Amino acid sequence: MIRHYFKIAKRNLWRNKGYSVLNIGGLAIGMAAAILILLWIQNEVSFDRFHTKRDRLHMVGTNVDLNGEINTMFLTPKPLAPALKAEFPEIVNVSRYSDVGKMLLTADSKKLKGHGVFVDSAFLQMFDFPLVRGSEKQALVNPTDIVITESLAKRLFGSDDVIGKTVKLENADPAIITGVMKDTPKNTRFNEAEFFMPWSYMEKKGESDEHWGNNTVITYLELAPGASFATINSKIQDITTKHLEGKGDSKLFLQALPDWWLYTKFVNGEMVGGKIDMVKAYLYIAGFILLIACINFMNLSTASSEKRAKEVGVRKVAGAYRYSLILQFLCEAIMMAFIAGALALLMVWLCLPAFNELLDRKVMIDFTQPVFWISFFGFILITGLLAGSYPAFFLSSFQPAKVLKGTFKNSNATFSPRRLLVAIQFTVAIALVICTLIIQRQLEFGRDRENGYNKNNLIYLYEEGAIKKNMALIKHELLSSGVAESVTRTSSPLTENWSSTWGFGWQGKDQNDKIIFDIISADDQFVKTAGLSLVSGRDFDIQKYASDSAAVILNESAVKAMGFKDPLGQLVQQHGRDWKVVGVVKDFILNSPFEAIPPMVILGAKGWFNIVHIKFNPSLTTSAALERTEAIFKKYNSEYPFEYTFLDEAYAQKFTDTQRYGVLAGLFTMITITISCLGLFALSAFMAENRKKEIGIRKVLGASVFSIARLLSLEFVILVLVSCLIAFPISYLFTERFFLQMYTYRVPIGWSVFVLSGTGILVLALITVSTHAIKAALSNPVTSLKDE
């Protein structure tokens, strides 16, 4: 019987080729979009879930009470990890994690940069980064050990058979390769790591301080099998305060591995969301797109009901039961869903490279996994049943007597499920258009925000190798040769914050106040090089004022936080040292352009330096300035490659995530609108067909083409307007809950975005239905009024 149903379905599909292509195509597009979103969601949820000990791995977080508000961070003191293992038997392994960025590696005559991290020796036993050569237990025991990835080994030596070979770090310290590991996958927070060095190397270099008040590293721990998370979480809370002899008031807590990637937003010490909000949002979008595709299928199926009505009537007269007809139509829907599913899979496979490039992910389909095929066929079956349910019950409900007399139609009913389905389609489409516009406006809102400095002709590079030793010569040559207008050194790039503290003091400060200040160190010509705006005072100038090495410049927010009415000449204390305020600059964006600008203290030359900023001479072309700059750096730092970053490009990276959300939302909105218009096209065709005699009579009685077209279009205008009324509040709540809440500095949702979206969809709907409306209005009434 089932084979008979599929044979009939095949004949019907072949007989109505245009309808079949339209129906299967719409369903395939919707399924492909849903599959792409589900693959992205699966990738996001899978972050660091591949570790076999994932249920026992945790990251240590720190909650600090700052003036009644709990501030959360995942940085801890360096001595915390060994103390945890020593004091709590439930903790079997610990590892500190310090990302040191790119370092120069030398193997024989080969020199290249690799991204390195320092970890404790247990790290490779805690996490699953399998070694293709070497032993996880022995690989990071000695201070001179190093573990590198396969790709880094091949770049350095042309082979991964490199155990025992020597690599020089930063042209100085030799390290012996004790392990080669597989390249880290994309779906891990450690995906940038290309080599691991043991923590004992940092201790040997004297860079592992034992100060419990200095939160600088990430700490991971592994609980013993059966150990209670809640118990150990409560036990470790006060360990920092204990080692600071009661001077600190920070509270430690554990975050389980499954939450590391998705739950990154904390409010007053409570985990409230993060990336999980966008995952949920796009899960809803996938569901809505699939629903719209199914609705489109229903509308196209029921729109052709007149062609199937007599078939149903004859079958019922011949003795067919309703359940057999329902089963037949469901089989047809499932067959079409399988064809659409195959097309959707092909679309997804073709789109994946571009999709991955857009998301900077490695989303893939593993065709060799049985789980994939079971999930895929289940997805098709559910889609087919959902899409075919309404047509099956609708078509099987026809009464033979009315069908054979031609009186079964009731197209003029005030309410019909078909109208409801179209209203649902356009509600979702309008809501997605609004969300896309709001995301785009948020992106533009951040881009248009005054950043406070001049990004043009400004590059930065790391102070590495012999740069620090030869900085005075490099700076002199850059300025005297006319390559640069100004040069300054800083502790971090102008687009990033690498340090903050609540340890500043000043006259009149309430000792109970804890205000977090961003810190950046800088030397001569910092304000000039960055193009900052001075509110009062002056730039650093050590040549003229030797005391400027112990001077500070404050931003406006810092002046307000410190309560200074006249900040110039005031003293700011940190770690027993006095810093004199010599200038105040307007607030500038160091971190996210979507967040409030925090108080900032810019320390003078007695600070520390990692970065060189160079402001090029505008009279030179960029290529000429870069070429001459490279020659100067090669002269004084020949062992290192000349690598630089344009500040405007670094600043643009701050908008990458928001831009991706916008592109994704726009892409899926276009798909939703396309499918919705197909459904509207089907319904307008159905209405025009069922009202052709009414139209004929109206034309005979003198109705104009315009009045008939308006009559046929009015219903759809009302449907779109109703959809707008439903979509407006839904989209407002959706963007507030899932998108805008991620940003402190965010665009206001004005009424114009709703008017623009509603008007655009209304115009598009009118264009879609006008084809059939005008065609029906221009038809010959004689043809429509004659009887068969």
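Below: a short report on this structure.

Reading the values: rules and limits
One numbering rule holds for all chains: residues counted from 1, following each sequence as written. At least 70 in pLDDT is required for a residue's local features to be given in this predicted model, at least 80 for side-chain atom pairs to be given and counted, and no such filter applies to totals for whole chains, interfaces and linings, which use all residues. Working from all heavy atoms in the structure, the side-chain values ignore hydrogens and water. Each pair of strands is called paired provided DSSP finds at least two bridges between the two strands. Where helices and strands are cited, they refer to DSSP runs of H or I of at least four residues and of E of at least two residues respectively, numbered from the N terminus. Burial status follows relative accessibility: with a 1.4 Å probe on protein chains alone, a residue under 20% of its type maximum counts as buried, one over 50% as exposed, and anything between as partly exposed. By the convention used here, residues are in contact when the closest approach between their heavy atoms is within 4.5 Å. To obtain each axis, a line is fitted to C-alpha atoms, and for helices this fit is confined to the stretch in contact; angles are then taken between N-to-C directions over 0 to 180 degrees. The definition of a nonpolar core used throughout is a set of buried Ala, Val, Leu, Ile, Met, Phe, Trp, Tyr and Cys residues joined through side-chain atoms within 4.5 Å. Regarding the arc, it is the one traced by the directions from the helix axis to the C-beta atoms. In what follows, salt bridge is the name for a side-chain nitrogen of Lys or Arg lying within 4 Å of a carboxyl oxygen of Asp or Glu.

**Considerations on the pairing of strand β2 (residues 69–73)**
Alignment of strand β1 (residues 57–66) against β2, held across 5 bridges, turns out to be antiparallel. Looking across to β2, one finds that Leu66 is bridged to Glu69. Connecting β1 to the next strand, β2, in antiparallel fashion are 2 residues, including Asn67 with a positive phi near 55°.

**Brief notes about unusual backbone geometry**
Even without glycine at this site, Glu170 takes up a positive phi of about 50°. Tracing the backbone shows Glu170 in the loop between β8 (166–169) and β9 (173–181). A relative accessible area of 27% places Glu170 in the partly exposed class. A positive phi angle, close to 50°, is found at Asn268, a residue other than glycine.

**Topic: the sheet that holds strand β15 (residues 458–462)**
Within a beta sheet, neighbouring strands are joined by backbone hydrogen bonds and run either parallel or antiparallel to one another. Taking strand neighbours across the sheet as the criterion, the 4 strands line up as β16-β25-β15-β26 in an open arrangement whose pairing is antiparallel. Looking at which strands have only one partner, the edges of the open sheet turn out to be β16 (484–490) and β26 (645–646). Where β15 lies against strand β25 (residues 611–616), 5 bridges are found, and the strand directions are antiparallel. The residue bridging Leu458 from the neighbouring strand is Lys615, located in β25. Along the sheet, helix α15 (residues 471–480) makes contact with β16 and β25, crossing β16 at roughly 155°. Strand contacts of helix α18 (residues 622–636): β15, β25 and β26, with the helix running at about 140° to β25, the strand carrying the most contacts.

**With respect to the nonpolar core**
By size, the foremost hydrophobic cluster in this structure holds 108 residues, and its most contacted members are Tyr282, Phe526, Phe588, Ile602 and Phe668. For Tyr282, the contacting residues outside a window of four places in its chain are Ile37, Trp40, Ile41, Tyr661, Leu664, Ala665 and Phe668. Of all hydrophobic cores here, the second largest spans 26 residues; its members include Val119, Ala139, Phe196 and Phe266.

**So, α15**
Among the residues of α15, Met471, Ile474, Lys475 and Leu478 are the ones counted as buried. Taken down its axis, α15 places every buried residue within 95° of arc, on the same side. In α15, the exposed positions angled more than 90 degrees off the buried face are occupied by Ala472, His476 and Ser480. At the C-terminal side of α15, Gly482 shows a positive phi close to 80°.

**Looking at the pattern of salt bridges**
Two side chains of opposite charge can pair, provided their charged atoms sit close to one another. What the rule picks out here adds up to 23 salt bridges. A salt bridge links Glu87 to Lys242, with the shortest nitrogen-to-oxygen separation between them at 2.8 Å. With a gap of 155 residues between them, Glu87 in helix α3 (residues 80–87) and Lys242 in helix α8 (residues 239–243) connect regions that are remote in the sequence. The shortest N-O distance in the salt bridge between Glu194 and Arg155 comes to 2.9 Å. With Glu194 in the loop between β9 and β10 (195–198) and Arg155 in helix α5 (residues 150–157), the pair connects residues that are 39 residues apart, well separated along the chain. Judged by its relative accessible area of 16%, Glu194 falls in the buried class. Under the relative-accessibility criterion, Arg155 is labelled partly exposed at 35%. It is possible to trace a salt-bridge network through shared partners that takes in Glu463, Lys468, Arg489 and Asp523.

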